[in-house]
Amino acid sequence: MGFFNKKLIVNNLAAYLRFDYSAFANKLRFIAAGRIDKFFDGPDKPYFSWQFAATYKPHPNHLIRIVESRANRTPLLINTYAEWGQQKNTTHHHLGFQN
């Protein structure tokens with residue numbers, strides 16, 4: 001059986017690209033990355049997430065890092081596919097409301 005006795009299938013396609021460049025004997029580093037996700041049983045629009053980062057290592061024990069990024073928080077399977085309150089002859093209380 002699947003998740004909560006139901007078959008669960010998640011269909012998506014993703015592509016990822018990363019560029020990493022180091023200079024000045026690896027003291028300075030630039031990173032650029034991007035990922036695009038297309039969900040076939042979810043949102044119609046593809047979702048693009050990205051990251052730009054730069055690090056500078058002035059001393060072997062110190063690292064300065066600057067990052068700008070965009071990413072999503074994917075809901076857990078339990079949040080997306082659990083069917084709360086589908087049992088017969090039961091009463092469920094969710095956030096103070098009676099189902």
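In the block above lies the structure referred to throughout.
What counts and what doesn't
- Residues numbered from 1 in each chain as written.
- Predicted model: local features only at pLDDT ≥ 70, side-chain atom pairs only at ≥ 80, totals over all residues.
- Heavy atoms only, no water.
- Phe/Tyr/Trp six-rings, centres within 6.5 Å; stacked < 30°, edge-to-face > 60°.
- Buried < 20%, exposed > 50% of the residue type's maximum accessible area, 1.4 Å probe, protein only.
- Salt bridge = Lys/Arg side-chain N within 4 Å of Asp/Glu carboxyl O.
- Helix = DSSP H or I, 4+ residues; strand = E, 2+ residues; numbered from the N terminus.

Asker: Would you mind showing me how to read the packing of aromatic side chains here?
Answerer: Geometry of an aromatic ring pair is reported as the spacing of the ring centres plus the angle between the planes. In this structure the tally under the stated criterion is one aromatic pair. A centroid spacing of 5.6 Å and a plane angle of 45° characterise the contact between Trp-50 and Phe-52, whose relative ring orientation is tilted. You can call Trp-50 partly exposed: its relative accessible area is 24%. Taking the relative accessible area as the measure of exposure, Phe-52 reaches 49% and is therefore partly exposed.

Asker: Please clarify how the pattern of salt bridges should be interpreted in this entry.
Answerer: Under the defined criterion, the tally for this structure stands at three salt bridges. Ionic pairing is found between Asp-37 and Arg-35, a salt bridge with its closest N-O pair at 2.9 Å. The buried category is assigned to Asp-37, whose relative accessible area is 9%. A residue is classified by how much of its surface remains accessible, and Arg-35, at 35% relative accessible area, is partly exposed. One network of salt bridges, with partners in common, ties together Arg-18, Asp-20 and Arg-29.

Asker: Would you mind showing me how to read unusual backbone geometry here?
Answerer: Most peptide bonds take the trans form, and the phi angle of most residues other than glycine is negative. The phi dihedral of Ala-25 falls on the positive side, at around 55°, and the residue is not glycine. Here Ala-25 shows up in the loop between strand S1 (12–23) and strand S2 (28–39). The exposure class of Ala-25 is exposed, given its relative accessible area of 73%. With a phi close to 65°, Asn-26 is a non-glycine residue in the positive phi region. The topology assignment puts Asn-26 in the loop between S1 and S2.

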